[in-house]
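The chain contents come next:
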Amino acid sequence: MNVVVIDAQGGGIGKQLVEQLKAALPAQKIIAVGTNSLATAAMLRAGADQGATGENAIRVCARNADLILCPIGMVLCDAMLGEVTGDIACAIGSSKAHKILVPVSRCQTTVAGCTAATMADAVRDAVSAAVKMLEK
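Worth saying up front: this structure is predicted, and the values here are computed from it rather than measured.

### Things to note about the sheet that holds strand β2 (residues 30-34)
At step 1: With respect to topology, 5 strands assemble into an open sheet ordered β3-β2-β1-β4-β5, the strand pairing being parallel. Where the open sheet ends on each side, the last strands, each with one partner, are β3 (50-53) and β5 (98-102). When strand polarity is set aside, the average angle formed by the axes of neighbouring strands in this sheet is 20°.
At step 2: As paired elements, strand β1 (residues 3-7) and strand β4 (residues 67-71) share 3 bridges and run parallel to each other. Bridge pairing in β4 places Val 3 opposite Leu 67.
At step 3: Its contacts with the sheet place helix α3 (residues 55-64) against β1, β2, β3 and β4, and it is angled at close to 150° to β2.
At step 4: Packed on one face of the sheet, helix α5 (residues 119-134) meets β1, β4 and β5 and runs near 165° to β5.

Rendered as structure tokens:
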């Protein structure tokens, strides 16, 4: 499976996703894509196998992905202080990949049905869902 982790700003959520995915499934190839080089570098340091940066990289990687993990803001136009363009949100949202979105309250979005959880809990839940999919 082609697993893509996408993040913006400092890449902190993507970094946690990559670290935990690599710990759970060391042989799984993970592609890290950031809206900026800081986010990409953080995910590469966490153990991603390949990395790319920018809107076009997100578009291409989302199109070729089987599984995408990212903060929920990546599918919301103008989220993350404007780093998420309409094209980025559309590329991820329209990708045929299964998407696992990490809820982040800073995106000024409330996801109904989500319980209040720490970021660590949300990332752990996302990785658990990904591991179940990848082990099938």
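### Considering the packing of helix α1 (residues 12-24) against α5
At step 1: With their axes 10 Å apart at the nearest point, α1 and α5 run at an angle of 45° to one another. The angle between α1 and α5 places the two elements in the oblique class. Considering how the two elements wind past one another, α1 and α5 form a crossing that is right-handed. Together, Ile 13, Gln 16, Leu 17, Gln 20, Leu 21 and Ala 24 of α1 and Met 119, Ala 120, Val 123, Arg 124, Ala 126, Val 127, Ala 130 and Val 131 of α5 make up the contact between the two elements.

### Some thoughts on the environment of Ala 48
At step 1: Residue position: Ala 48 is located in the loop between α2 (37-45) and β3.
At step 2: Note on Ala 48: relative accessible area 10%, which makes it buried.
At step 3: Taking the C-alpha atoms as reference, Ala 48 lies 7.4 Å from Lys 29; in sequence the two are 19 residues apart.
At step 4: Ignoring sequence-local partners within four residues, the contact set of Ala 48 consists of Val 18, Ile 30, Ala 32 and Met 43.

### Concerning α1
At step 1: For α1, built from 13 residues, the straight-helix expectation of 18 Å at 1.5 Å per residue is met to within 8% by its first-to-last C-alpha distance of 19 Å.
At step 2: Buried within α1 are the following residues: Ile 13, Gly 14, Leu 17, Val 18, Leu 21 and Lys 22. Mapping the buried residues of α1 onto a view down its axis gives an arc of 155°, with all of them on the same face.
At step 3: Residues of α1 that are buried in the fold lie against β1, β2, α2, β4, β5 and α5.

### As for the environment of Ala 23
At step 1: Summarising the element assignment, Ala 23 is placed in helix α1.
At step 2: For Ala 23, a relative accessible area of 63% puts it in the exposed group.
At step 3: Once the C-alpha coordinates of Ala 23 and Lys 96 are considered, the two residues, 73 residues apart in sequence, prove to be 26 Å apart.

### Overview of the environment of Gly 34
At step 1: Looking at the element boundaries, Gly 34 is found in strand β2.
At step 2: Residue classification places Gly 34 among the buried residues on the basis of a relative accessible area of 0%.
At step 3: As a C-alpha pair, Gly 34 and Ser 128 span 94 residues in sequence and 22 Å in three-dimensional space.
At step 4: Beyond its immediate chain neighbours, meaning those up to four positions away, Gly 34 contacts Asp 7, Ala 39, Thr 40, Met 43, Ala 52, Thr 53, Gly 54 and Ile 58.

### A look at the nonpolar core
At step 1: Judged by nonpolar contacts, the single largest core of 24 residues is most densely connected at Val 5, Leu 17, Leu 21 and Leu 69.
At step 2: Of all the secondary structure elements, the ones that give two or more residues to this core are β1, α1, β2, β4, β5 and α5.
At step 3: The biggest single contributor to this core is α5, with 7 residues.
At step 4: When near neighbours in sequence (up to four residues on either side) are disregarded, Leu 17 contacts Val 5, Leu 69, Cys 70, Val 102, Val 123, Ala 126 and Val 127.
At step 5: Ile 31, Cys 61, Ile 68 and Cys 70 belong to the second-largest nonpolar core, a separate cluster that totals 20 residues.

What counts, and where the lines are drawn
Residue numbers here run from 1 along each chain, matching the order of that chain's written sequence. Given that the model is predicted, a residue must reach a pLDDT of at least 70 before its local features are reported, and side-chain atom pairs must reach 80 or more before they are shown or counted; all residues, however, enter totals for whole chains, interfaces and linings. Water and hydrogen atoms play no part in the side-chain values, which are based on all heavy atoms of the structure. Should DSSP find at least two bridges between two strands, the strands are taken to pair. By definition, any uninterrupted DSSP run of H or I lasting at least four residues is a helix, any uninterrupted run of E lasting at least two residues is a strand, and each is numbered from the N terminus. Lines fitted to C-alpha atoms define the axes here, with helix axes fitted over just the stretch in contact, and angles between the N-to-C directions of these axes take values from 0 to 180 degrees. Any two residues having at least one pair of non-hydrogen atoms within 4.5 Å are treated as being in contact. When an angle is under 35 degrees it counts as roughly parallel; over 145 it counts as roughly antiparallel; between 65 and 115 it counts as roughly perpendicular; any other value is oblique. In this scheme the handedness of a crossing depends on how the near helix is turned from the far one: anticlockwise by less than a right angle means left-handed, clockwise means right-handed. Each residue gets one of three labels from its accessible area relative to the maximum for its type: buried under 20%, exposed over 50%, partly exposed in between, using a 1.4 Å probe on protein chains only. By this rule, a helix spans an expected 1.5 Å times one less than how many residues it contains. Working definition: the arc comes from the directions between the helix axis and the C-beta atoms, pointing outward to the latter. Nonpolar cores were defined as sets of buried Ala, Val, Leu, Ile, Met, Phe, Trp, Tyr and Cys residues, with membership established by side-chain atoms within 4.5 Å.

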